[in-house]
Amino acid sequence: MPTVKEIISCLETFAPAQYQESYDNSGLQIGNISNEISSVLLSLDVTEEVLDEAIELGANLIIAHHPLIFSGIKRITGRNYIERVIQKAIKSDIAIYACHTNIDNVSQGVSFRMAQKLGLIGVKALRPADISLVKLVTFVPEAQAVQVRNAIFKARAGHIGNYDCCSFNLQGTGTFRPLEGTNPFSGQVGQLQLEPETRIETILPDFLTNQVVSAMIKAHPYEEVAYDIYPLKNAHPVHGSGAVGELSAAVDSATFLKTLKEVFNVPTIRHTRLVKKQIKKVALCGGSGSFLLKDARRANADIFITGDFKYHQFFEAENDIIIADIGHFESEQFTLEIFYELLMKNFSKFAVRFTKVNTNPINYS
Ligand SMILES: [Zn+2]
């Protein structure tokens, strides 16, 4: 049976914790990373009903989109549902893990899944992720270039869009003189060595630097490895918040709203005036996405679909975009499919179930 740690590593290879917003609290909230997991329950929120369902099913890990614990808790006495869930989860030995804004901010995450449900094509992030990128350059004897390059790629450097193993390689001559006390891979102590080397350069997110550099050093034949790390000003080429894409053919806007209701199973949509007769370009953000309205307008989207818009914010459509609020829960409902697919692809030894509890606190009458 996989451990909590292995399951987290699977989810966070897809949605690294470093991509979460500064206010967020994604990660393991309750439990021990070495616990073995026999069965998982997936839910957008962790409520008392969801925890009871996990107990009934014998699931010892709940994976949720929204963190149960968001801010500091000074006492746990059962005054509110959060404290009661904490008490009961610990007593029942159930681990709780949240994957929140990190899965909002990665390509193929929450908003990309919404785009997929609507059949959009050419989907990109609406706002690039606020993650620093670095360039790593190293110099390797030609014969060992392949092994060093492979180690760097295995440590997850060299991803650009839907390409991995991206690097540039240049042949040249390295020089060095091994001094007293060295044990050089090539050359003689005290003599200047001219070595045919390959300069390998690649790109990676800054937070992977330590991991990639140590993998590189391990694979490198030299006892003193020469390498450079350059900070970059590039925007993130893939990951980011929200998504924008196009319908394969323009659709009448009233018809599009009808489709939207069906796809997201919402009885009603709050929207601004249908200032666009036809919809072709669609911007989306799962959850509370009003902070991306400017980006949606800048992208020239015909409609911006999200949740949690407030009255005054609807005016900010300025008659050049349609804002469609389909509800926070509804916009994020397909996130659980992403968790499910990742777990099914990577593990075979345990059951993964979707909660049967509708945790949406908002009802429509
Ligand atoms: Zn949310």
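What comes next concerns the included structure.

The rules behind the values
- Residues numbered from 1 in each chain as written.
- Predicted model: local features only at pLDDT ≥ 70, side-chain atom pairs only at ≥ 80, totals over all residues.
- Heavy atoms only, no water.
- Phe/Tyr/Trp six-rings, centres within 6.5 Å; stacked < 30°, edge-to-face > 60°.
- Helix = DSSP H or I, 4+ residues; strand = E, 2+ residues; numbered from the N terminus.
- Buried < 20%, exposed > 50% of the residue type's maximum accessible area, 1.4 Å probe, protein only.
- Lys NZ or Arg CZ within 6 Å of the ring centre and 35° of its normal.
- Donors = N, O, S within 2.8 Å, 3.2 Å for Na, K, Ca; no water.
- Tetrahedral: all angles 85-135°; square planar, octahedral: opposite > 155°, others 65-115°.
- Pairing = 2+ DSSP bridges.
- Contact = heavy atoms within 4.5 Å.
- Axes fitted to C-alpha atoms, helices over the stretch in contact; angles between N-to-C directions.
- Patch = residues over 30% accessible without salt bridge, like charges linked within 9 Å, V, L, I, M, F, W, Y side chains within 5 Å.
- Areas by Shrake-Rupley, 256 points an atom, 1.4 Å probe, with all protein chains shown as cover.
- Salt bridge = Lys/Arg side-chain N within 4 Å of Asp/Glu carboxyl O.

## Describing the packing of aromatic side chains
Geometry of an aromatic ring pair is reported as the spacing of the ring centres plus the angle between the planes.
Now for step 1: Scanning the entire structure with this criterion turns up nine aromatic pairs.
Now for step 2: Centroid distance Tyr 19 to Phe 207: 5.5 Å. Interplanar angle 90°. Geometry classified as edge-to-face. With Tyr 19 in the loop between helix H1 (4-14) and strand E1 (27-30) and Phe 207 in the loop between strand E8 (193-205) and helix H7 (209-219), the pair connects residues that are 188 residues apart, well separated along the chain.
Now for step 3: Summarising the aromatic geometry, the rings of Phe 185 and Tyr 222 are spaced 6.2 Å apart at their centres and angled 55° between planes, so their arrangement reads as tilted. Placement of Phe 185 in the loop between strand E7 (168-176) and E8 and of Tyr 222 in the loop between H7 and strand E9 (227-231) is noted, with a sequence separation of 37 residues between them.
Now for step 4: Residue classification places Tyr 222 among the buried positions, given a relative accessible area of 12%.
Now for step 5: Of note, Lys 117 hangs over the ring of Phe 334, and the distance from its end group to the ring centre comes to 4.6 Å.

## Section: the coordination of the zinc ion
Now for step 1: Around the zinc ion, the donor atoms from the protein are His 66 (NE2), His 328 (NE2), Glu 332 (OE) and Glu 332 (OE), and they sit 2.0 to 2.4 Å away.
Now for step 2: Bound by four donor atoms, the zinc ion shows angles of 56 to 126° at the metal and therefore irregular coordination geometry.
Now for step 3: Residue His 328 is classed as partly exposed on the basis of its relative accessible area, which comes to 22%.

## Regarding the sheet that holds strand E5 (residues 121-128)
Now for step 1: Read across the open sheet, the six strands follow the order E5-E10-E12-E13-E14-E11; overall the sheet is mixed. Single-partner strands in this sheet number two, and they are E5 and strand E11 (270-271).
Now for step 2: Here strand E10 (residues 240-252) pairs with strand E12 (residues 278-288) via six bridges, running antiparallel. From the neighbouring strand, Ala 243 faces E12, where its bridge partner is Leu 284.
Now for step 3: The strands touched by helix H5 (residues 110-117) are E5, E10, E12 and strand E13 (303-307); relative to E12, the strand with the most contacts, the crossing angle is about 145°.
Now for step 4: Against the sheet, helix H8 (residues 253-264) makes contact with E10, E11, E12, E13 and strand E14 (322-325), and its axis sits at roughly 125° relative to E10, the strand it touches most.

## Considering a nonpolar patch on the surface
Now for step 1: A cluster of nonpolar side chains, namely Ile 217, Tyr 227 and Ile 229, defines an oily patch on the protein surface of about 240 Å² accessible area.
Now for step 2: Summarising the element assignment, Tyr 227 is placed in strand E9.

## Here's the deal with unusual backbone geometry
Trans peptide bonds make up most of the peptide bonds, and negative phi angles are found at most residues other than glycine.
Now for step 1: Although it is not a glycine, Arg 156 adopts a positive phi angle of roughly 80°.
Now for step 2: Topologically, Arg 156 is positioned in the loop between helix H6 (145-154) and E7.
Now for step 3: With relative accessibility at 25%, the residue Arg 156 sits in the partly exposed group.

## With respect to the pattern of salt bridges
Now for step 1: All chains considered together, the criterion is met by 14 salt bridges.
Now for step 2: Between Lys 135 and Glu 201 there is a salt bridge, and its shortest N-O distance comes to 2.9 Å. Taken as a pair, Lys 135 in strand E6 (residues 133-141) and Glu 201 in strand E8 lie far apart in primary sequence, 66 residues in all.
Now for step 3: The exposure class assigned to Lys 135 is partly exposed, which follows from its relative accessible area of 25%.
Now for step 4: Note that Asp 295 and Arg 298 form a salt bridge whose closest N and O atoms lie 3.8 Å from each other. With Asp 295 and Arg 298 both in helix H9 (residues 293-298) and three residues apart, the pair spans about one turn of that helix.

## Examining the sheet that holds E1
Now for step 1: Spatial strand order, E1-E4-E3-E2-E15: five strands in an open sheet with mixed pairing. The sheet is open, and its two edges are formed by E1 and strand E15 (351-354), each paired on a single side. Geometrically, the sheet is characterised by an average inter-axis angle of 25° between neighbouring strands, direction not taken into account.
Now for step 2: The pairing of E1 with strand E4 (residues 95-98) spans three bridges and is antiparallel. From the neighbouring strand, Gly 27 faces E4, where its bridge partner is Ala 98.

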